[in-house]
Amino acid sequence: MGMGKKVVLGGVGTLAAVGIMSAVVSGGGDAEAEGKKDSAASSNSSAGKKSDDSPLTSSTNQKNAPKDDITLGDVTVDEVSWASVPVTITNHSSDTSDYTVEIEFLDAGGQRVDTAAVLETKVAPGQVVNADGQGLKEVPADVTAKVISVDRYASL
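Residues numbered from 1 in each chain as written. Predicted model: local features only at pLDDT ≥ 70, side-chain atom pairs only at ≥ 80, totals over all residues. Heavy atoms only, no water.

A short note on the overall build of the protein chain
Along the backbone of the protein chain there are three helices and seven strands. From first element to last, N terminus to C terminus, the protein chain shows the α and β order α-α-α-β-β-β-β-β-β-β. Looking at the protein chain residue by residue over its 156 residues, the buried ones come to 29%. Considering only residue pairs separated by 6 or more positions, the protein chain has 62% of its internal contacts joining residues 24 or more positions apart. (Helix = DSSP H or I, 4+ residues; strand = E, 2+ residues; numbered from the N terminus. Buried < 20%, exposed > 50% of the residue type's maximum accessible area, 1.4 Å probe, protein only. Contact = heavy atoms within 4.5 Å.)

Here's what the structure looks like:
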């Protein structure tokens, strides 16, 4: 019976150690890592969607706005009626950055019929990356694409 207690206590000790390590790794208050987020980042509530229908972003950086880093090509619809769009990301910021881009596909009436997401990491300043925004639903042949949100964070 004494051995069972040692195993249980050993397990609790291991769990406590894992918990402490997780706290240190994930939330250790590394001010430098926190400071590496886009230097002017704020919540969506303050940046938000502009009246000119610009994409949502968590950045208030107007000099090198993340939305200006994204260019969409022409939408194609494949043989199973799924839409895709070429996405070009050009990092105009001064930091190596990670991007999350959300795209919507719209029918001729302007209604959303599908979405796609593009994630790119470690894009160096000035680097151009080509990706594809791939939809996963059947859509009409005449869809268009629009960026609805883009976030850029300094890579860790």
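Regarding the nonpolar core
The tendency in soluble globular proteins is for nonpolar side chains to be buried side by side. One finds Ile70, Val87, Ile89, Val101, Ile103 and Val118 to be the most contacted residues of the largest nonpolar core, which totals 18 residues. Contributions of two or more residues to this core are made by strand 3 (83-90), strand 4 (97-106), strand 5 (112-123), strand 6 (128-134) and strand 7 (144-154). (Core = buried A, V, L, I, M, F, W, Y, C linked by side-chain atoms within 4.5 Å.)

Quick word on the sheet that holds strand 4
The sheet built from three strands is open, its strands ordered 5-4-7 with antiparallel pairing. The strands lining the two open edges of the sheet, one partner per strand, are strand 5 and strand 7. Within this sheet the neighbouring strands show an average axis-to-axis angle of 15 degrees, counted without direction. When strand 4 meets strand 5, the two strands line up antiparallel, connected through nine bridges. Bridge pairing links Phe105 to Asp114 in strand 5. (Pairing = 2+ DSSP bridges. Axes fitted to C-alpha atoms, helices over the stretch in contact; angles between N-to-C directions.)

Here's the deal with unusual backbone geometry
In this structure, Ser81 is a non-glycine residue whose phi angle is positive, near 70 degrees. Looking at the element boundaries, Ser81 is found in the loop between strand 2 (76-77) and strand 3. Unusually for a residue other than glycine, Lys122 sits at a positive phi of about 55 degrees.

Quick look at the pattern of salt bridges
As enumerated under the stated definition, the model contains three salt bridges in all. Across the salt bridge formed by Asp68 and Lys67, the nearest N and O atoms sit 3.4 Å from each other. In this structure Asp68 comes out as partly exposed when scored by relative accessible area, which is 43%. By relative accessible area, Lys67 is classed as partly exposed at 30%. Ionic pairing is found between Asp69 and Arg152, a salt bridge with its closest N-O pair at 2.7 Å. One end of the pair, Asp69, is in the loop between helix 3 (44-47) and strand 1 (70-72); the other, Arg152, is in strand 7, and 83 residues separate them in sequence. A relative accessible area of 1% places Asp69 in the buried class. (Salt bridge = Lys/Arg side-chain N within 4 Å of Asp/Glu carboxyl O.)

Considering the environment of Val80
Checked against the element boundaries, Val80 lands in the loop between strand 2 and strand 3. In this structure, the C-alpha to C-alpha distance between Val80 and Glu138, residues 58 residues apart in sequence, is 7.0 Å.

A short note on the confidence of the model for the protein chain
Put simply, the protein chain has an average pLDDT of 76, and 67% of its residues get 70 or more. Low pLDDT, under 50, characterises residues 1-51; the predicted model gives this stretch 33 contacts beyond four residues in sequence or across chains. (pLDDT = per-residue confidence, 0-100.)

Things to note about the environment of Leu56
Considering the arrangement of structural elements, one finds Leu56 in the loop between helix 3 and strand 1. Leu56 gets classed as partly exposed once you look at its relative accessible area, which sits at 30%. Through-space distance from the C-alpha of Leu56 to that of Val150 is 6.4 Å; in sequence the pair is 94 residues apart.

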